[in-house]
Amino acid sequence: MNFRKLVALLLAVLMLAGSVSAVAETAEEPKYGGILVAYTSADPMNFDPATLTAWDQTIVAANILEGLVRLNPQGTGIEEGIAKEWSVSDDGLTWTFILRQGAKFHNGREVVAGDFKYSFERIANPATASSAAWMLNKLEGFDAFQAGEADEITGIKVVDDYNLQLVLVEPFAPFVSMLASASLAVVPKESVEEYGEDFGLNAVSAGPFTIGEWNFNQDLTINAFEDYWAGRPYLDGVKFRVINDENTRIVEFDAQTLDIAWITPAHYERLTTDPTYANSIGYAYTLHTAFLIFNMEQEPFGSNKALREAVFAAMDTQAVLELLQNRASYADRLLLPGMLGGGEPCTESPRNIELAKQKMVEAGYPDGIDEVFDVITPAWNNNIKILEIYQQNLKEIGINITIGAMDSSAYNEARNNGQFKIAWGNVVAAYPDPDAMVYPTFYSGSIGASGNYARYSNPEVDALIEKARASTNDDERADLYRQIDDMVLQDLPYAYLDHNIYVDICQPYVKNYCPSALDVSTYHRVWLDK
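Within each chain, residues carry numbers counting from 1 in the order of the written sequence. Reporting of local features is limited, given that this is a predicted model, to residues whose pLDDT is at least 70; pairs of side-chain atoms are given and counted only at 80 or more, and all residues count toward the totals for whole chains, interfaces and linings. The basis for the side-chain values is all heavy atoms of the structure; hydrogens and waters are excluded.

A. The arrangement of the packing of aromatic side chains in detail. Aromatic rings from Phe, Tyr and Trp, taking only the six-membered ring of Trp, are treated as a pair when their centres fall within 6.5 Å; an angle between ring planes under 30 degrees marks them as stacked, one over 60 as edge-to-face, and anything in between as tilted. Under the counting rule described, the total for this entry stands at 16 aromatic pairs. Relative to Tyr-494, the ring of Phe-291 has its centre 4.7 Å away and its plane inclined at 50°; by these criteria the two rings are tilted. Here Phe-291 is found in strand β12 (residues 281-294), whereas its partner Tyr-494 is found in strand β17 (residues 494-506), with 203 residues between them in sequence. The class of Phe-291 is buried, set by a relative accessible area of 1%. On the basis of relative accessibility, which here comes to 0%, the residue Tyr-494 falls in the buried class. Ring centres 6.2 Å apart and planes at 45° place the aromatic pair Phe-442 and Tyr-494 in the tilted group. Of this pair, Phe-442 sits in helix α14 (residues 435-442) while Tyr-494 sits in strand β17, placing them 52 residues apart in sequence. According to the relative accessible area criterion, Phe-442 is buried, its value standing at 0%. By definition here, charges over rings are those cases where NZ of Lys or CZ of Arg is within 6 Å of the ring centre and within 35 degrees of the ring normal. Positioned above the aromatic ring of Tyr-453 is the side chain of Arg-415, whose terminal nitrogen or guanidinium carbon lies 4.0 Å from the ring centre. Secondary structure elements are taken from DSSP: a helix is a run of H or I of four residues or more, a strand is a run of E of two residues or more, and numbering for both begins at the N terminus. Classification of residues uses two cut-offs on accessible area relative to the type maximum, computed with a 1.4 Å probe and protein chains only: under 20% is buried, over 50% is exposed, and between them is partly exposed.

If you want it as structure tokens, here you go:
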């Protein structure tokens, strides 16, 4: 086995284990105290759960806001939050949550079941205009409440202070994973009313940290919450500095004025080979798949499967992984290995140039295609470099493309409206469940801005997706998602490229830090050895 294959195999094995901690496990006793210095790329602006949309908000909010459940540090699943246990009825409709007694808001009041009813109805209220309202649309009475025909969501039932029932209109297995979203965190009514429009600047919830000193567009410090239900964090606080430029972050890291940074390509080799950081490099196999999108409603690709297969077989993803310094892994299907329903790790590039040429003949283009195709993409430097490799690959089989680099808003509009024949695209899970990738990407009801950019429609696939969403049996769901991935691979509306690997670095004195597969790092278990 050559070195490149060995590296690929090792990465695949690590992927099956989920995210890899940035710091080796240690028998040392954790220490209390100190301020960890992290970063955002822009000022978060506010932390009202109802208005969270930007990355710079969510990476901080996950440490301030908390709900019934929370993401695990790896970002690959959920764990207990304010709810210490939960169960679902045999028919999959009623979720019962037992709240822990003594969990407190940052204002000192105990969290009770009625606070969740208030918080969820606040998110669902059209007057709040929250983009997160859709996550509650399976609740019984949601539609009537949104339409103004009812003054409550009947599916939110407060049994007593420590027992909450959420009743759905149909079984929906991903529901409990969605509840880990910071947008569905619990907030106290009295604080929302006290701060009014400024609640986002003074957000009160029940997470491990509270909002501290905030110097707009410069930095924000969150402070340890002494009465956090799981015990106060080891850190006294986390200071998030606003640093937009990625290379500037590395300069600051080298100067030890920043404790954590994403490793930029220019500094990757230097930092990953420096023995100082041997136990300080973190890898997270993000829930992310990149692909080329075929518009299934436009010719020549829409009705010509052999032509789509030719494109897929021509892609030299090995060259792309080398360009990315192996900070990605091969993708031969949508779901990642290690996910529920994910397949076996793909350790070799699917590229087969002879097969690609055969498929061109089968497609009716033995001498290539005269038309030149504009592949739309966001104008990101790495994307352009990647597509330049694929541009040469496709030229080998007689398909000529140009790289249609666009600003993000123009790209999103063209992609969402199907104004392309081929496009670069990706899907990133919004919650740790295969549904977060499968439903938007494959379901015919998601065509357009909801995520099915290929405008792909297969009634059999739709039926399997609906069945997988309704099942509460993980073994059955895993089998269904494997069937779905296999069926879509046969239709090939997307030519899979790679799964992203997030690589960051922390100072050697930072202990128990773990990068997140959802890029939402939490710090309540982190401590400083200095």
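B. Quick look at the pattern of salt bridges. Should a side-chain nitrogen of Lys or Arg be within 4 Å of a carboxyl oxygen of Asp or Glu, the pair is scored as a salt bridge. Taken as a whole and judged by the stated rule, the model has 23 salt bridges. With a closest N to O distance of 2.6 Å, Arg-122 and Asp-48 form a salt bridge. Here Arg-122 is found in helix α3 (residues 113-124), whereas its partner Asp-48 is found in the loop between β1 (35-40) and α2 (55-61), with 74 residues between them in sequence. Where salt bridges share partners, they join Lys-305, Glu-309, Lys-359 and Glu-362 into one cluster.

C. Representation of the environment of Glu-197 within the structure. Turning to its location among the elements, Glu-197 is positioned in the loop between α6 (189-195) and β8 (209-215). Given a relative accessible area of 84%, Glu-197 falls into the exposed group. Put simply, Glu-197 and Leu-518 are 321 residues apart on the chain and 29 Å apart in space, counted from C-alpha to C-alpha.

D. Region of the structure containing the side chain of Ser-130. Residue position: Ser-130 is located in the loop between α3 and α4 (142-146). If sequence neighbours within four positions are ignored, Ser-130 has contacts with Ala-50 and Ile-123. Contacts: residue pairs with any heavy atoms within 4.5 Å of one another.

E. Region of interest: helix α15 (residues 459-470). Each helix should span, by expectation, one fewer than its residue count multiplied by 1.5 Å. The end-to-end C-alpha distance of α15 is 17 Å, a good match for the 16 Å that 12 residues give at a rise of 1.5 Å each. Of all the positions in α15, only Val-461, Asp-462, Leu-464, Ile-465, Ala-468 and Arg-469 are classed as buried. For α15, the arc enclosing every buried residue in end-on projection is 165°, short of the 170-degree limit, so these residues lie on one face. In this structure, α15 carries Pro-459 and Glu-460 as exposed residues pointing more than 90 degrees from its buried face. The inward-facing, buried residues of α15 abut α14 and α16 (474-491). In protein, a polar contact requires one atom able to donate a hydrogen and another able to accept it; more generally it is a pair of N or O atoms within 3.5 Å, and residues adjacent in sequence count only if both atoms are side-chain atoms. If you check the start of α15, you find a side-chain oxygen 2.9 Å away from the backbone N of Glu-460, and it comes from Asn-458. Think of the arc as the fan of directions from the helix axis to the C-beta atoms.

F. How the structure looks around unusual backbone geometry. In this model, Glu-299 is joined to Pro-300 through a cis peptide bond whose omega is 10°. Tracing the backbone shows Pro-300 in the loop between β12 and α9 (305-314). Positive phi values are uncommon outside glycine, yet Asn-326 reaches one of about 60°. Checked against the element boundaries, Asn-326 lands in the loop between α10 (317-323) and β13 (328-330). The exposure class assigned to Asn-326 is partly exposed, which follows from its relative accessible area of 33%.

G. Representation of the side chain of Arg-415. Within the secondary structure layout, Arg-415 lies in helix α13 (residues 408-416). In this charge count, Lys and Arg are treated as positive and Asp and Glu as negative; neither His nor the chain ends contribute. The side chain of Arg-415 sits in the buried core without any salt bridge; Glu-413 is the nearest counter-charge, 11 Å away. There is a polar contact of 3.3 Å between the side chain of Arg-415 and the side chain of Asn-412. Those residues in contact with Arg-415 that lie beyond four places of it in its chain are Ile-293, Ile-376, Phe-420 and Tyr-453.

H. Inspection of helix α12 (residues 381-395) at higher detail. Relative to the 21 Å expected for 15 residues at 1.5 Å per residue, α12 spans 21 Å between its end C-alpha atoms, a close match to the ideal helical length. Regarding α12, the residues found buried are Asn-383, Ile-386, Leu-387, Tyr-390, Asn-393 and Leu-394. All buried residues of α12 lie within an arc of 105° about the axis, which places them on one face of the element. Opposite the buried face of α12, at more than 90 degrees from it, the exposed residues are Asn-381 and Lys-395.

I. View of the sheet that holds strand β6 (residues 156-160). The pairing criterion is simple: DSSP has to find at least two bridges between the two strands. One open sheet holds the four strands; their spatial order is β4-β5-β7-β6, and the pairing between them is antiparallel. The sheet is open, and its two edges are formed by β4 (83-88) and β6, each paired on a single side. The mean inter-strand angle of the sheet, taken between neighbouring strand axes irrespective of direction, is 20°. For strand β5 (residues 94-99) and strand β7 (residues 163-167), the ladder comprises five bridges, and the chain directions are antiparallel. Considered in β7, the bridge of Trp-95 is made with Leu-166. Packed on one face of the sheet, α3 meets β5, β6 and β7 and runs near 170° to β6. Between the N-to-C directions of two axes lies an angle of 0 to 180 degrees, each axis being a line fitted to C-alpha atoms and, for a helix, fitted only over the stretch in contact.

J. Main features of the nonpolar core. Definition used in this section: a nonpolar core is a set of buried Ala, Val, Leu, Ile, Met, Phe, Trp, Tyr and Cys residues joined via side-chain atoms within 4.5 Å. Ranked by size, the top nonpolar core spans 145 residues in total, and within it Leu-36, Leu-68, Leu-166, Ile-399, Phe-442 and Tyr-523 carry the most contacts. Counting residues per element, this core draws most heavily on α9, at seven residues. Those residues in contact with Leu-36 that lie beyond four places of it in its chain are Leu-235, Gly-237, Val-238, Lys-239, Asp-259, Ile-260, Val-510, Tyr-523, Val-526 and Leu-528. With 19 residues, the next largest nonpolar core counts Ile-243, Ile-250, Leu-258 and Tyr-268 among its residues.

K. Focus on the sheet that holds strand β10 (residues 237-242). Pairing is mixed in the open sheet, where four strands are placed in the order β1-β10-β9-β8. The open sheet has two edge strands with one neighbour each: β1 and β8. In this sheet, adjacent strand axes meet at a mean angle of 25° when their direction is disregarded. With five bridges connecting them, β8 and strand β9 (residues 219-224) associate as antiparallel partners.

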